[in-house]
Amino acid sequence: MLEAIQSAPRDAILGLTAAFREDSRSEKINLSVGVYQDETGKTPTLECVRVAEQRLAEAATSKSYLPIPGAPEYAEVVQKLAFGADNGAVQSGRIATAHTPGGTGALRVASDFIKANLPNATLWLSDPTWPNHPNIFAAAGVPMESYPYFNKESNDLAIGPMLEAIKQMPAGDVILLHGCCHNPTGIDPTADQWKQIAEAVYAQGLLPMLDFAYQGFAEGIEKDAVGLRTFAQAGQELLLCSSFSKNFGLYRERVGALSIVCPSADAVSAVQSQMNRVIRCNYSNPPAHGGAIINCVLRDEALRATWANEVTTMRERINGIRQQFVDTLAAKGVPGDYSFITQQRGMFSFTGLTKDQVEALREKHAIYIVGSGRINVAGITPSNVDRVAEAIGEVVGK
Ligand code: LMR
């Protein structure tokens, strides 16, 4: 029975990291997967996490199951961090939250929830988007369409075409937006554009879903929630997929959450029960460790301050290396204006490199970037920036 099975295609992002590991060239550089590296090329365990883990280990009493949606105290800190403690939906108990294994887990629970409860809804994705988005929603059988997002010529948000597209979407559909640090473009709406988008989405009778995986990586922990809070302010319904892989450096712990803002506190229990049903037949209940760390850090004033400083350090390093990268490209005489790289936010830069150029970077220079031309800027360090810039110069035909 198994003989006839064909190989699945390599994953667009994680498949590259697997290929990178197999590459025997010592000078290889991995700028594909969105994982933060410090200036020495390491992905450190955050200090706040290290302290929280020690406390948790000392206080550990049981490894019994968590409830299906995870620990209620985790749900509470997740809601307050994303929406703000004074948000009306948080205060009036209008949000159903489930602790999920990572942001991908949140998206998958959301997709099964949509398929089961909103069976006629089509999901609208930005063009471009994270390559795993369509995989997740296809696995759940949710039909998909895309809306324009990026203006290649100006390296900016295609706000006009995006708003026009929203006005054509059928009521009852779901639109997926990136909460901040859009993956892969690094281009986010301004606060004013968020208002226009939220108004258009609600006027059209759509259900917004925000994928919020980089809170703190654009401008700051609070500032990066502007899009989400613009949507949440209107007292409307929305879905939020949170991830703590990047901003807590908890990648392998798989910690995230799905929050659904309901129209009334009464609607919460039915929505929560439908989320629980999806979770029970996927993974039953979440792994505890990552959520316990988040809960411990966010509830302790000193640890929370340490965390905020560590997020600032990561953000500032990325922004600093963006500038250094642009300066180095110019110093090496690489043709073209790359100053747009300093305007992009978060870990990624959408460089405009073609598929052939991406392939040449990998084959000739052992530099791995995603096929769309997306570079993980957080993988560029003072010691590899020269080589990356020189290699790009060569593939673009300096
Ligand atoms: C990325 O886009 O590189 C990250 O979100 C990691 C992943 O799982 O793809």
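Just so it is clear, the model here is predicted, and its values are computed rather than measured.

**Quick word on the packing of aromatic side chains**
Piece 1. Taken as a whole, this structure holds ten aromatic pairs when the rule is applied.
Piece 2. Measuring from centroid to centroid gives 5.3 Å for Phe150 and Phe350, while their planes differ by 75°, and the two rings are edge-to-face. Taken as a pair, Phe150 in strand E5 (residues 150-151) and Phe350 in strand E11 (residues 348-350) lie far apart in primary sequence, 200 residues in all. Taken individually, Phe150 and Phe350 each receive the classification buried, so the pair is uniform in this respect.
Piece 3. Between Tyr202 and Phe231, the aromatic rings sit 5.6 Å apart at their centres with planes inclined by 70°, giving edge-to-face as the arrangement. With Tyr202 in helix H8 (residues 191-203) and Phe231 in helix H9 (residues 226-233), the pair connects residues that are 29 residues apart, well separated along the chain.
Piece 4. Given a relative accessible area of 0%, Phe231 falls into the buried group.
Piece 5. One residue, Lys28, lies across the ring of Phe20, its end atom 4.7 Å from the ring centre.
Piece 6. Lying across the ring of Phe348, Arg374 places its NZ or CZ 3.6 Å from the centre.

**Quick look at the site of the ligand**
Piece 1. Taken together, Ile13, Val33, Gly34, Trp130, Asn183, Tyr214, Lys246, Phe348 and Arg374 make up the full set of residues near the ligand.
Piece 2. Within the backbone of Gly34, an N or O atom sits 2.7 Å from an oxygen atom of the ligand.
Piece 3. A distance of 3.2 Å is found between an oxygen atom of the ligand and a side-chain nitrogen or oxygen belonging to Lys246.
Piece 4. Protein coverage of the free-state accessible area of the ligand, which is 260 Å², stands at 82%.
Piece 5. Here the shell around the ligand is composed, by residue class, of five nonpolar, two polar and two charged.
Piece 6. Each of domain 1 (14-44 + 313-393) and domain 2 (65-299) gives at least three residues to the shell around the ligand.

So, how was this worked out
- Residues numbered from 1 in each chain as written.
- Predicted model: local features only at pLDDT ≥ 70, side-chain atom pairs only at ≥ 80, totals over all residues.
- Heavy atoms only, no water.
- Phe/Tyr/Trp six-rings, centres within 6.5 Å; stacked < 30°, edge-to-face > 60°.
- Helix = DSSP H or I, 4+ residues; strand = E, 2+ residues; numbered from the N terminus.
- Buried < 20%, exposed > 50% of the residue type's maximum accessible area, 1.4 Å probe, protein only.
- Lys NZ or Arg CZ within 6 Å of the ring centre and 35° of its normal.
- Near = heavy atom within 4 Å.
- Polar contact = N/O pair within 3.5 Å; in protein donor to acceptor, adjacent residues only side chain to side chain.
- Areas by Shrake-Rupley, 256 points an atom, 1.4 Å probe, with all protein chains shown as cover.
- Nonpolar A, V, L, I, M, F, W, Y, C, P; charged D, E, K, R; others polar.
- Domains from an automatic or database assignment.

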